[in-house]
Amino acid sequence: MKKILFLCTFLLTVMSCSLDDDGRSNSYHLEILPIESVDMPEEFVLGETYTIYTSYLKPSSCYVFYDHYFESELNQRTIAVVDKVYENDCEDYEPEVIEEVSFNFKVVSNGTYIFKFWQGEDENGNDLYYIVEVPVAE
């Protein structure tokens, strides 16, 4: 019985410790950020996978890349950057830091792909997009 109690206590102690503690608060929210620039091929080949690079501005050290937001409808893709924003003391970046991130895109159909990279909103709250059309070579 003492061995089982010791083992349970040991496991709980080990599981409660975090080896990757980076000093950040566990409290965060997700925020969609505008894409500043894009680097991608001018043409695709059916069945191939391509790495597409996006760059965005990080306003402070509280912003950590989380993922890309994707919305897909037929051959149209809407894409934005999603960051985790930790809610603790942060260092503001002056000027803001440009971070480059990427995602892989597999070409699964013929025709032309239309990518709409979200670039924020205008003064009326309308979404702005950088639109790139990429044909699929035969």
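The structure under discussion appears in the preceding block.
For clarity, every value in this text was computed on a predicted model and none was experimentally measured.

### Some words on the overall build of the protein chain
Thinking step 1. The secondary structure content of the protein chain amounts to 1 helix and 9 strands.
Thinking step 2. What you see in the protein chain, going N to C, is helices and strands ordered as α-β-β-β-β-β-β-β-β-β.
Thinking step 3. Residue burial in the protein chain is summarised as follows: out of 138 residues, 29% are buried.
Thinking step 4. Here the contacts in the protein chain between residues at least 6 apart in sequence split such that 65% fall between residues at least 24 apart.
Thinking step 5. Summed over its atoms, the accessible surface of the protein chain is roughly 9600 Å², and 51% of this surface lies on carbon and sulfur atoms.

### A look at a negative patch on the surface
Thinking step 1. Where like charges cluster on the molecular surface, the negative patch consists of Glu-36, Glu-91, Asp-92, Glu-94 and Glu-96.
Thinking step 2. Turning to its location among the elements, Glu-91 is positioned in the loop between β6 (76-86) and β7 (92-106).

### Here's the deal with the environment of Arg-77
Thinking step 1. Mapped onto the elements of the fold, Arg-77 is located in strand β6.
Thinking step 2. Using a relative accessible area of 12% as the deciding quantity, one classes Arg-77 as buried.
Thinking step 3. Between the alpha carbons of Arg-77 and Phe-117 there is a distance of 8.3 Å; along the sequence they are 40 residues apart.
Thinking step 4. Residues contacting Arg-77, with those up to four places away along its chain left out, are Glu-71, Ser-72, Phe-105, Tyr-113, Ile-114, Phe-115 and Lys-116.

### Some points on the nonpolar core
The nonpolar side chains of soluble globular proteins are, as a tendency, buried together.
Thinking step 1. Core analysis: the largest hydrophobic core is formed by 22 residues, its most contacted members being Met-40, Phe-44, Ile-52, Phe-105, Phe-115 and Phe-117.
Thinking step 2. If you list the elements that add at least two residues to this core, you get β4 (49-60), β6, β7, β8 (112-121) and β9 (127-137).
Thinking step 3. Excluding anything up to four places from it in sequence, Ile-52 contacts Val-38, Asp-39, Met-40, Phe-44, Val-101, Ser-102, Phe-103, Phe-105, Phe-115 and Phe-117.

### A few points about the state of the cysteines
Covalent bonding between the sulfur atoms of two cysteines is what defines a disulfide.
Thinking step 1. Under the criterion given, the structure shown has 1 disulfide.
Thinking step 2. Shown here is the disulfide that connects Cys-62 with Cys-90, its sulfur atoms set 1.0 Å apart. Note that Cys-62 is positioned in the loop between β4 and β5 (63-73) and Cys-90 in the loop between β6 and β7, a separation of 28 residues in sequence.

### Thoughts on unusual backbone geometry
Thinking step 1. Residues other than glycine seldom take positive phi values, yet Leu-74 does so here, at roughly 55°.
Thinking step 2. Relative to the elements of secondary structure, Leu-74 occurs in the loop between β5 and β6.

Scoring rules and cut-offs
- Residues numbered from 1 in each chain as written.
- Predicted model: local features only at pLDDT ≥ 70, side-chain atom pairs only at ≥ 80, totals over all residues.
- Heavy atoms only, no water.
- Helix = DSSP H or I, 4+ residues; strand = E, 2+ residues; numbered from the N terminus.
- Buried < 20%, exposed > 50% of the residue type's maximum accessible area, 1.4 Å probe, protein only.
- Contact = heavy atoms within 4.5 Å.
- Areas by Shrake-Rupley, 256 points an atom, 1.4 Å probe, with all protein chains shown as cover.
- Patch = residues over 30% accessible without salt bridge, like charges linked within 9 Å, V, L, I, M, F, W, Y side chains within 5 Å.
- Salt bridge = Lys/Arg side-chain N within 4 Å of Asp/Glu carboxyl O.
- Lys, Arg positive; Asp, Glu negative; His and termini not counted.
- Charge placed at Lys NZ, Arg CZ, Asp CG, Glu CD.
- Core = buried A, V, L, I, M, F, W, Y, C linked by side-chain atoms within 4.5 Å.
- Disulfide = S-S within 2.5 Å.

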